[in-house]
Amino acid sequence: MSPTPFPPTAAQLRALPHFAPDPALWPRIAARAQRRQARRTAAAACCMLLLAGAVGTLLQTPRGTTPLPDWQARSAALERELAAAAPRGPAPGPLADALVGVDRALHAAYVRGAPPAERAALWQARSELLESLVEAQRSGLRATRI
Amino acid sequence: MPVEPTAARSVFAQEVPPELLAQARHGDMQAHAELYRRFAAPVFNLALRVLGERTAAEDVVQEVFLRVLARVRRYRGEAPFGLWLRRLAVNATIDQLRSRRFLAETDMDALLAGLGAPGPLPEEQAEALALLMRLPPQARAVVVLHELEGYTHAELARMFDQTESYSKSILSRALARLRRRLGREGIGLESLP
């Protein structure tokens, strides 16, 4: 089967000239990609540290207590504080990225029915991240460094 | 791998060695630099023809190759790599079109000055570019994507969140406008549908 011919207009459009982008564009893209990667790595490290800290604290919590609602409520309160301090959302940076990571982990934990202790650890990590973000926002600092 | 006849003529429909893609999937920056070397100009030209601005077209190139760096692991080879990348380019171009206000007609002199063209373009190229740049940006998008890249009206309708008849009507009005221009300027009128 022969290929469908282009309409005649296309033949004229094929005469369009070809240009090249600025030769300095790729180095800028590569540098930006590397900065993004470094930020993600920092956020993941931050996330892991917070989770480890939260799990450690929970292991020391006496049995029979139910810390889950407290951390969840604390997280909600901090969320409101952050919204008041930064109506357009938190400044991008490792803390904001780590928050996204914890939110994903929380979602996954609920989807697979993770035990309350694990969810509590995540809610605690989320609260601590939100505290840092609120603090950074109030002090007028961009949370770009850990 | 079957490729639509029109898509096969696209500058994006070039073969990419599987080993190069494998290296890119592992985050090898040299491999990404090679993909950029092969595809940056097609992405730039597609965006430039639609947007009519060098900086906007370079923003598209940057966005597309950052997306390639982030998403190439998800590319499973269902379509040729170039056509997968072309889809990223089209989406980024349409995003630019939606997010910014572009002038109804692009000033050719300003465009060529911005591109740092070393001298005047050959007549045929200058005419083709001038004709295209006289269309409004959305009509340019439909003409470039339908006539040069081979997208169907159904595909264009999905891209622009419109009906197929909307895409057909934009194309037909754009072609009629080009035909009038060509007639007025005595350029190859007989070759238009």
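Each residue is numbered by its place in its chain's sequence as written, counting from 1. Here every chain gets a letter starting at A, and every ligand a number starting at 1, in the order they are written. Only residues with pLDDT of at least 70 get local features here, since the model is predicted, and only at 80 or more are side-chain atom pairs given and counted; chain-wide, interface and lining totals rely on the full set of residues. Note that water and hydrogens are dropped before the side-chain values are worked out from all heavy atoms of the structure.

S.K.: Explanation requested: the pattern of salt bridges in the structure shown.
M.R.: A side chain of one charge can pair with a side chain of the opposite charge if their charged atoms are brought near each other. Within this document, salt bridges are pairs made up of a side-chain nitrogen of Lys or Arg and a carboxyl oxygen of Asp or Glu, the two lying within 4 Å of each other. As enumerated under the stated definition, the model contains 13 salt bridges over all chains in all. Two residues, E34 of chain B and R37 of chain B, come together in a salt bridge whose shortest N-O distance is 2.7 Å. Here the residue E34 of chain B and the residue R37 of chain B both occupy positions in helix α3 (residues 29-51), the gap between them amounting to three residues, near one helical turn. A relative accessible area of 59% places R37 of chain B in the exposed class. Across the salt bridge formed by E58 of chain B and R54 of chain B, the nearest N and O atoms sit 3.0 Å from each other. Separated by four residues within a single helix, E58 of chain B and R54 of chain B lie in helix α4 (residues 54-71), roughly one turn from each other. Of the two residues, E58 of chain B and R54 of chain B, both sit in the buried class. Counted as one network, the salt bridges with shared partners bring together E79, D103 and R126 of chain A. Helix and strand labels come from DSSP, where a helix needs a run of H or I of at least four residues and a strand needs a run of E of at least two; each type is numbered from the N terminus. Burial status follows relative accessibility: with a 1.4 Å probe on protein chains alone, a residue under 20% of its type maximum counts as buried, one over 50% as exposed, and anything between as partly exposed.

S.K.: Is there a simple way to think about the confidence of the model for chain A in this case?
M.R.: Caution applies to low-pLDDT regions: their predicted coordinates should not be interpreted in detail. All names here are of chain A. Scored by pLDDT, chain A comes out at a mean of 76, with 79% of its residues at no less than 70. Confidence drops under pLDDT 50 across residues 1-6; counting only partners more than four residues distant or on other chains, this segment forms nine contacts. This model gives residues 142-146 a pLDDT under 50, and the stretch forms 14 contacts once residues within four places in sequence are excluded. A score between 0 and 100, pLDDT records how confident the predictor is in each residue. When checking whether two residues touch, look at their non-hydrogen atoms; a contact exists if any pair is within 4.5 Å.

S.K.: Teacher, can you tell me more about the nonpolar core here?
M.R.: One broad rule of soluble globular proteins: the nonpolar side chains tend to lie buried together. V64, F65 and F81 of chain B are the most contacted members of the largest nonpolar core, which has 74 residues in total. For this core, the leading source of residues is α3 of chain B, giving twelve residues. When residues no more than four places from it in sequence are discounted, the contact partners of V64 of chain B are V43, L85, L88, A89 and A92 of chain B. Take the buried Ala, Val, Leu, Ile, Met, Phe, Trp, Tyr and Cys residues and link them wherever side-chain atoms come within 4.5 Å; each set so joined is a nonpolar core. Core analysis: the next-biggest nonpolar cluster, separate from the first, contains 21 residues, C46, L78, L95 and L129 of chain A among them.

S.K.: Any chance you could explain the packing of aromatic side chains here in plain terms?
M.R.: For any two aromatic rings, the description comes down to two numbers: the centre-to-centre distance and the angle of the planes. Residue and element names in this part refer to chain B. Ring geometry is summarised as follows: Phe, Tyr and Trp rings, the Trp one being its six-membered ring, pair when their centres sit within 6.5 Å, and such pairs are stacked at plane angles under 30 degrees, edge-to-face over 60 and tilted between the two. Here the structure, examined in full by the defined rule, presents six aromatic pairs over all chains. Taking 4.9 Å as the distance between ring centres and 70 degrees as the angle between the ring planes, the aromatic pair formed by Y36 and F65 counts as edge-to-face. Residue Y36 is found in helix α3, and its partner F65 is found in helix α4; the two are separated by 29 residues along the sequence. For the pair shown, Y36 and F65 are each scored as buried. With a centroid separation of 5.4 Å and 80 degrees between ring planes, the pair formed by Y75 and F81 is classed as edge-to-face. Take Y75 and F81: they sit in the same class, and that class is buried.

S.K.: How do you make sense of the environment of L20 of chain B when you look at a structure like this?
M.R.: Residues and elements named next belong to chain B. Counting through the fold element by element, L20 comes out in helix α2 (residues 18-25). Judged by its relative accessible area of 9%, L20 falls in the buried class. Taking C-alpha positions, L20 is 8.2 Å from L35, a pair spaced 15 residues apart along the chain.

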